[in-house]
Amino acid sequence: MAIWWKKCLRIRLFHGWTELVQMSQVEGCPNVFKAVCAVPHGSHEYKFLVDGEWRHDEQQPHRNGEYGMVNTFDNNFDTRPVPSEVVPQHQLSAVILNQAMPRISEEDVQAARHQISAFLTAHTAYELLPESGKVVALAVDLPVKQAFHILVEQGIPVAPLWDFSKGKFVGVISASDFILILRELGNHGSNLTEEELETHTVSAWKEGKAYMNGQVDGHGRPIPRQIIFAGPCDNLKDVALKFLQNGVATIPVIHSSSEDSSFPQLLHLASLSGILKCVCRYFKHCSGSFPMLQLPICAIPLGTWVPRIGESNSRPFAMLRPNASLSSALNMLVQARVSSIPIVDDNDSLLDIYSRSDITALAKGKAYTHNLNDTTVYQALQLAQDSSTPYELRSQRCQMCLRTDTLLKVMEQLANPGVRRLVIVEAGSNRVEGIVSLTDVFRFLLG
């Protein structure tokens, strides 16, 4: 029985009321919710709880129930006796999950990886360039605060840095820099005050960051970190490996027509999602020849999963409640070396997600001057989600998938612009089971 409506529903069976069933949003349909319920054969009545009010569907058959309540009535069920071997829905889920997962041979996996690797080698970063678009670069002598205001206004998480004195790109500034700056502000006895943030330049911060990380030469001078970039003629496999080896989310595509690399031109900011989109577009119509792409993600060593009972050696999985302090979220992002943290309720059901890129929203209205211990994750998310932003753009930040989704389906979701990870949830309850990122997929595909 599938019901399409809003929020919650309650079903009246012949033996009384069932428990309240939480409905989950239908992917791609922001105003449609669904719940799949296993009920005995026969006629049933049900109601919907919408914004705290019990309602019935006036477009469907309905009738007065006990105590004057009007219920939606469904009389289209097959009334034949239920075979004794039919498994109830909750038992059926357990049976499916406990069944032996589909397997393919190591030879088939390696064959698919070889084909994908060959495709990436044969195509270049030039193919990632859009027909039209814009790129934003920042001068290294900009104040840090102004730099992050620009990131927020332009809606970008990272920007290359241009040094006019050297005539070249010397690095990038990203949300990770802002996280480290805010943690410095919050540390007792920090040398960087809030007033200095108004005038402290990006180049001064980068130099201070090198000292913090111990990146100095034998004379105690900071060692400048070389910018990680790609040329338009670099093949996509080499570009993907740069992402994986350097742990970055964005790589500038820079072209220079001179032999000494002078007068460089910033063409594009490449991402793994752009490369994955090329892969999906090429292999989508021949996926039947690659059994690996049809495997459910739970059958693949892919992503990070919530530890199960008895699994003591599992990799730690970071989750937070909405009332957790923002300082704890920032510390977790840095210490766990993750790019996002699922925000869950008391039942571990997904409510939202807090990402590194959300931190730039604190640049609005000097929100960074507030005590991070007094600011909750929920309040920080309110800043990141401007009410004027279209729903379609806001919903991209919290994308979900199921453990039974195929690798190809997950790849297609991650190939969408702005989507860097999927939260794996339990069907119906939206209880978090794990998370899979673009980096996880490419580490698997490239073996």
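Because the structure is predicted, anything quoted here is derived from the model rather than measured.

Student: Tell me about the state of the cysteines, residues and numbers included.
Tutor: Throughout the structure, instances matching the rule amount to 0 disulfides. The cysteine Cys278 is free of any disulfide, with Cys280 supplying the nearest cysteine sulfur at 9.5 Å. Overall, the relative accessible area of 6% leaves Cys278 in the buried class.

Student: Residue-level account of the pairing of strand β21 (residues 432-437), with values.
Tutor: Among the 6 residues of β21, 6 are classified as buried, and the element is accordingly described as predominantly covered. Sheet topology places strand β20 (residues 421-425) next to β21; 5 bridges connect them, and they run antiparallel. Its bridge partner being in β21, Val425 is matched across the sheet by Val432. Adjacent in sequence and paired antiparallel, β20 and β21 are bridged by 6 residues, among which Gly428 carries a positive phi angle near 90°.

Student: Lay out the nonpolar core with the relevant residues and their values.
Tutor: With 47 residues, the main nonpolar core has Ile275, Leu276, Met292, Leu407, Met411 and Leu445 as its most contacted residues. Of all the secondary-structure elements, those providing two or more residues to this core are α2 (106-122), α7 (236-246), β14 (251-255), α8 (272-283), α12 (407-414), β20 and α13 (438-445). Broken down by element, the residue count for this core peaks at 7 residues, all from α8. Not counting the four nearest positions on each side in its chain, Met411 is found in contact with Leu276, Val279, Cys280, Leu293, Val441 and Leu445. Among the nonpolar cores identified, the runner-up in size contains 36 residues, and Ile173, Leu326, Ile343 and Ile359 belong to it.

Student: Break down the sheet that holds β21 for me, citing the residues and quoting the values.
Tutor: In sheet architecture, strand pairing relies on hydrogen bonds along the backbone and comes in two forms, parallel and antiparallel. On the basis of which strands lie adjacent, the open sheet formed by 4 strands has the order β16-β21-β20-β19 and mixed pairing. The strands lining the two open edges of the sheet, one partner per strand, are β16 (304-305) and β19 (400-402). In the packing of α12 onto the sheet, contacts are made with β19, β20 and β21, and the angle to β20 comes to roughly 135°. Those strands touched by α13 are β16 and β21, and its axis lies near 65° from that of β21.

Student: I'd like to hear about α7, residue by residue, with values.
Tutor: If you check which residues of α7 are buried, you get Leu236, Val239, Ala240, Phe243 and Leu244. Angular distribution of buried residues about the axis of α7 spans 140°; they occupy a single face of the element. Elements that come into contact with the buried residues of α7 comprise α2, β14, β15 (265-270), α8 and α13. At the N-terminal end of α7, a side-chain oxygen is found 3.0 Å from the backbone nitrogen of Lys237, two or three residues along, and the residue is Asn235. Where α7 ends, the next residue or the one after it, Gly247, has phi of about 60°, a positive value.

Student: Give me the lowdown on the packing of α8 against α12, citing residues and values where you can.
Tutor: α12 packs onto α8 with a crossing angle of 135° between their chain directions and a minimal axis gap of 8 Å. It follows that α8 is oblique to α12 by the angle criterion. The way α8 lies across α12 gives a crossing that is left-handed. Here Ser273, Leu276, Val279 and Cys280 of α8 lie close against α12, whose contacting residues are Met411, Glu412 and Leu414. Here the residues of the contact of α8 with α12 are counted per class, giving 5 nonpolar, 1 polar and 1 charged.

Reading the values: the criteria
- Residues numbered from 1 in each chain as written.
- Predicted model: local features only at pLDDT ≥ 70, side-chain atom pairs only at ≥ 80, totals over all residues.
- Heavy atoms only, no water.
- Disulfide = S-S within 2.5 Å.
- Buried < 20%, exposed > 50% of the residue type's maximum accessible area, 1.4 Å probe, protein only.
- Helix = DSSP H or I, 4+ residues; strand = E, 2+ residues; numbered from the N terminus.
- Pairing = 2+ DSSP bridges.
- Core = buried A, V, L, I, M, F, W, Y, C linked by side-chain atoms within 4.5 Å.
- Contact = heavy atoms within 4.5 Å.
- Axes fitted to C-alpha atoms, helices over the stretch in contact; angles between N-to-C directions.
- Arc of directions from axis to C-beta.
- Polar contact = N/O pair within 3.5 Å; in protein donor to acceptor, adjacent residues only side chain to side chain.
- Parallel < 35°, antiparallel > 145°, perpendicular 65-115°, else oblique.
- Left-handed = near helix turned anticlockwise from the far one by under 90°.
- Nonpolar A, V, L, I, M, F, W, Y, C, P; charged D, E, K, R; others polar.

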